[in-house]
Amino acid sequence: MGTLAPGLTGSMAAVFLLADNRRLREEWLPILSKKDDIQVVGCGPYGPARFDQIASTQANVVVLDSVSSILSEGAAMRRLRQLNSMIKPAVSLLPVLSA
């Protein structure tokens, strides 16, 4: 899985779930938490303060509910990478559930 967040062992990914839809967050948290190689280190909706929260969790993967939402903010991913160069955006898995 690559470099781990500090405090994690083995090949565990530190994942932050970034989703505007509360129901999607509630549905995906238990699913992601059941995985042996994933530790959910935080979750929340999009917002300006969220970047600092993501960086403080030392997540190395950010799962998005909509790629277009974060990319429409211009330099959002660049900002996340400035705060934590180890962050890797995950392909959006969540829109399937929002239909």
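Everything below is about the structure shown above.
Residues numbered from 1 in each chain as written. Predicted model: local features only at pLDDT ≥ 70, side-chain atom pairs only at ≥ 80, totals over all residues. Heavy atoms only, no water.

Chemist: Got a sec to walk through the overall build of the chain? Specific residues and values, please.
Modeler: Assigned secondary structure in the chain consists of 5 helices and 4 strands. Every one of the 99 residues in the chain was classed for burial, and the buried ones make up 37%. Here the contacts in the chain between residues at least 6 apart in sequence split such that 72% fall between residues at least 24 apart. Carbon and sulfur atoms provide 55% of the accessible area of the chain, an area that totals close to 5700 Å². (Helix = DSSP H or I, 4+ residues; strand = E, 2+ residues; numbered from the N terminus. Buried < 20%, exposed > 50% of the residue type's maximum accessible area, 1.4 Å probe, protein only. Contact = heavy atoms within 4.5 Å. Areas by Shrake-Rupley, 256 points an atom, 1.4 Å probe, with all protein chains shown as cover.)

Chemist: Describe the nonpolar core, with residues and values.
Modeler: F16, L18, Y46, F51, I54, A59, V62, L64 and L80 together form the largest nonpolar core, which totals 9 residues. Broken down by secondary-structure element, the contributors of at least two residues to this core are β1 (13–18), α2 (50–57) and β3 (61–64). With 8 residues, the next largest nonpolar core counts A13, V15, L32 and V61 among its residues. (Core = buried A, V, L, I, M, F, W, Y, C linked by side-chain atoms within 4.5 Å.)

Chemist: Please give an account of α2 that cites residues and values.
Modeler: One full turn of an α-helix is made of 3.6 residues, so residues set three or four places apart face in the same direction. Looking only at α2, the buried set comprises F51, I54, A55 and T57. Looking down the long axis of α2, one finds its buried residues gathered within 160° of arc, a one-sided arrangement. At the C-terminal side of α2, Q58 shows a positive phi close to 60°. (Arc of directions from axis to C-beta.)

Chemist: Before we move on, could you go through helix α1 (residues 22–33) and cite the residues and values that matter?
Modeler: When the terminal C-alpha atoms of α1 are compared, their 17 Å separation across 12 residues agrees well with the 16 Å that a helix rising 1.5 Å per residue should span. All of the buried residues along α1 are L24, R25, W28 and L32. Down the axis of α1, the smallest arc covering the buried residues is 90°, so these residues share one side. Taking the backbone nitrogen of R23 as reference, a side-chain oxygen 2.8 Å away marks N21 as the first, capping residue of α1. (Expected span 1.5 Å × (residues − 1). Polar contact = N/O pair within 3.5 Å; in protein donor to acceptor, adjacent residues only side chain to side chain.)

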